[in-house]
Amino acid sequence: MEYRLVTDSCCELIPELREDLKAESVPMTLEIDGETFIDDESIDLPRFLAAIRASKNVAKSACPSPEMFAEKFRLSKECFGLTITSKLSGSYNSAQIASKLVINEDPTRRVHIFDSLSASAGEIAVGLKIRECVQAGLDFDGIVTKVSAFIQEMKTFFILENLDTLIKSGRMSRIVGYVASAMSLRPIMTAEQGTIKLQEKARGSVRAFTRLVEIIGENCTDFAERTLVITHCNNERQANFLRAEAQKRYSFKAIHVVPTAGLSSMYANEGGVIIAF
């Protein structure tokens, strides 16, 4: 049986997912100062980021409609949906509605929606876990069980140079943001069951990224069974630093470094780096 992966556009689709799972993305809609950007291959990302920098207002996003997900689900008899954490977006609920719709149309179809409890790098990591399970020959139910367990134990951490979008959108405490800005501290954030939490604070970017490498080792032991995913918004330098240090210290079976797309860039802002494993 051939499986298909359908994600929202918070998942940057790397070639392994497109080629091996026929993965397709359903785009979010992004808006800043009345201008709308569709988060697909056509998005002018530099112009979108420039508009965010120039505006005093917070950029907004709208999740895909159920019908947009349903159109993709109808392309395969057995399909997996994958979305940004349901704590930050309505994308998961929209995909759930779509799955029920297509199954009602044709009860022989099978669709399961995974709430990544993460975003960007975390969604890619979940997609790669689905791919691994498919290549191992697991059946549909076996894949659901294995991937669901992986999501529960997956770790996501991120460091942002600019906290404005998270603070303005209510995704991060204003107090944490103020303290970080006032004291030149770099918060190292994590996703705890899909909700953004402060992991710890470090003084300056160099110490923050060095500490992030250490945190990887403190939160993982079975490196040979795991893949490290690093996404970044125009910050190849720090992303490559993380990759190089992780390769020195740990034995991940693979490491992927991927530029962020529209929605991930909106939240991460220039310089943001997200990791998941």
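Since we're looking at a predicted model, the values are computed, not measured.

(A) Region of the structure containing the sheet that holds strand S1 (residues 3-8). Spatial strand order, S2-S1-S6-S7: 4 strands in an open sheet with parallel pairing. With partners counted over all chains shown, the strands left at the sheet margins are strand S2 (24-26) and strand S7 (110-115), one partner each. Taking the axes of each pair of neighbouring strands and ignoring which way they run, one obtains an average angle of 25° across the sheet. Pairing geometry for S1 and S2, over 3 bridges, is parallel. Following the sheet pairing, Thr7 is matched in S2 by Ser25. Those strands touched by helix H3 (residues 66-73) are S1, S2, strand S6 (78-83) and S7, and its axis lies near 160° from that of S1. Strand contacts of helix H6 (residues 140-153): S1, S6 and S7, with the helix running at about 5° to S7, the strand carrying the most contacts.

(B) Representation of the nonpolar core in the model. Counting residues in each nonpolar core, the largest one holds 55 residues, and the members touching the most others are Leu17, Phe80 and Ile130. The element contributing the most residues to this core is helix H5 (residues 121-135), with 7 residues. Apart from residues lying up to four places away in sequence, Phe80 is in contact with Tyr3, Arg4, Leu5, Val6, His112, Phe114, Ile130, Phe140, Ile143 and Val144. Judged by nonpolar contacts, the second largest core, of 23 residues, contains Ile159, Cys220, Ala239 and Phe252.

(C) Structural context of the packing of aromatic side chains. Tallied over the full model, the rule gives 11 aromatic pairs. Measuring from ring centre to ring centre gives 6.0 Å for Phe69 and Phe73, while their planes differ by 25°; the resulting arrangement is stacked. With Phe69 and Phe73 both in helix H3 and 4 residues apart, the pair spans about one turn of that helix. Pair check on accessibility: Phe69 and Phe73 agree, each one buried.

(D) Quick look at the packing of H5 against H6. H6 packs onto H5 with a crossing angle of 150° between their chain directions and a minimal axis gap of 10 Å. The way H5 lies across H6 gives a crossing that is right-handed. Residue-level inspection shows Ala125, Val126, Lys129, Ile130, Cys133 and Val134 of H5 in contact with H6, the latter providing Ile143, Lys146, Val147, Phe150 and Ile151. A per-class count over the contact of H5 with H6 returns 9 nonpolar, no polar and 2 charged.

(E) Expanded view of the sheet that holds strand S3 (residues 29-32). Taking strand neighbours across the sheet as the criterion, the 3 strands line up as S4-S3-S5 in an open arrangement whose pairing is antiparallel. Unpaired on one side and paired on the other, strand S4 (35-38) and strand S5 (60-62) mark the two borders of the sheet. Mean inter-strand twist for the sheet, computed between neighbouring axes without regard to direction, equals 25°. Here S3 runs beside S5; their pairing, made up of 3 bridges, is antiparallel. For Glu31, the partnering residue across the bridge sits in S5 and is Lys60. The strands touched by helix H2 (residues 45-54) within the sheet are S3 and S4, with S3 carrying the most contacts at an inclination of about 40°.

(F) Representation of unusual backbone geometry within the structure. If you check the backbone angles, Ser120 has positive phi at about 50° while not being a glycine. In this structure, Ser120 sits in the loop between S7 and H5. Even without being a glycine, Asn234 presents a positive backbone phi close to 55°. Looking at the secondary structure, you find Asn234 in the loop between strand S11 (227-232) and helix H10 (236-249).

(G) Seen up close, the pattern of salt bridges. Tallying each qualifying case throughout the model produces 24 salt bridges. When the shortest N-O distance is used, the salt bridge between Asp141 and Arg110 registers 2.7 Å. Of this pair, Asp141 sits in helix H6 while Arg110 sits in strand S7, and the two are 31 residues apart along the sequence. On the basis of relative accessible area, Asp141 is assigned to the partly exposed category, the value being 43%. Across the salt bridge formed by Arg249 and Glu245, the nearest N and O atoms sit 3.7 Å from each other. You can see Arg249 and its partner Glu245 sitting in helix H10, 4 residues apart, about one turn around the helix. When salt bridges that share partners are traced, they join Glu200, Arg207, Arg211, Glu214 and Glu218 into one network.

(H) The packing of helix H9 (residues 205-218) against H10, seen in detail. Two elements in contact, H9 and H10, have axes separated by 10 Å at closest approach and are oriented at 35°. Every pair of crossing elements has a handedness; the one defined by H9 and H10 is right-handed. Contacts between H9 and H10 involve Ser205, Phe209, Thr210, Leu212, Val213 and Glu214 on the former and, on the latter, Gln238, Phe241, Leu242, Glu245 and Arg249. Considered class by class, the residues forming the contact of H9 with H10 number 5 nonpolar, 3 polar and 3 charged.

Parameters at a glance
- Every chain begins its residue count from 1, and numbering advances along the sequence as written.
- Selection of residues for local features in this predicted model requires a pLDDT of at least 70, selection of side-chain atom pairs for listing and counting requires 80 or more, and totals for whole chains, interfaces and linings are taken over all residues.
- Water and hydrogen atoms play no part in the side-chain values, which are based on all heavy atoms of the structure.
- Note on pairing: two strands pair once DSSP finds at least 2 bridges between them.
- Each helix corresponds to a stretch of at least 4 residues labelled H or I by DSSP, and each strand to a stretch of at least 2 residues labelled E; elements are numbered beginning at the N terminus.
- The axes are straight lines fitted to the C-alpha atoms, using for helices just the contacting stretch, and the angles between their N-to-C directions are given from 0 to 180°.
- Whether two residues are in contact is decided by their heavy atoms: any pair within 4.5 Å suffices.
- Take the buried residues of types Ala, Val, Leu, Ile, Met, Phe, Trp, Tyr and Cys, join any two whose side-chain atoms come within 4.5 Å, and each joined set is a nonpolar core.
- Only protein chains enter the accessibility calculation, which uses a 1.4 Å probe; a residue is then buried when its area is under 20% of its type maximum, exposed when over 50%, and partly exposed in between.
- Whether two aromatic rings pair depends on their centres lying within 6.5 Å, for rings of Phe, Tyr and Trp, where Trp uses its six-membered ring; planes under 30 degrees apart make the pair stacked, over 60 edge-to-face, and the rest tilted.
- Working rule for handedness: look at the near helix, and if it is turned counterclockwise from the far one by less than a right angle, call the crossing left-handed; if clockwise, right-handed.
- Only Asp, Glu, Lys and Arg are considered charged, only Ala, Val, Leu, Ile, Met, Phe, Trp, Tyr, Cys and Pro nonpolar, and every remaining residue, Gly among them, polar.
- In the sections that follow, a salt bridge refers to a side-chain nitrogen of Lys or Arg positioned within 4 Å of a carboxyl oxygen of Asp or Glu.

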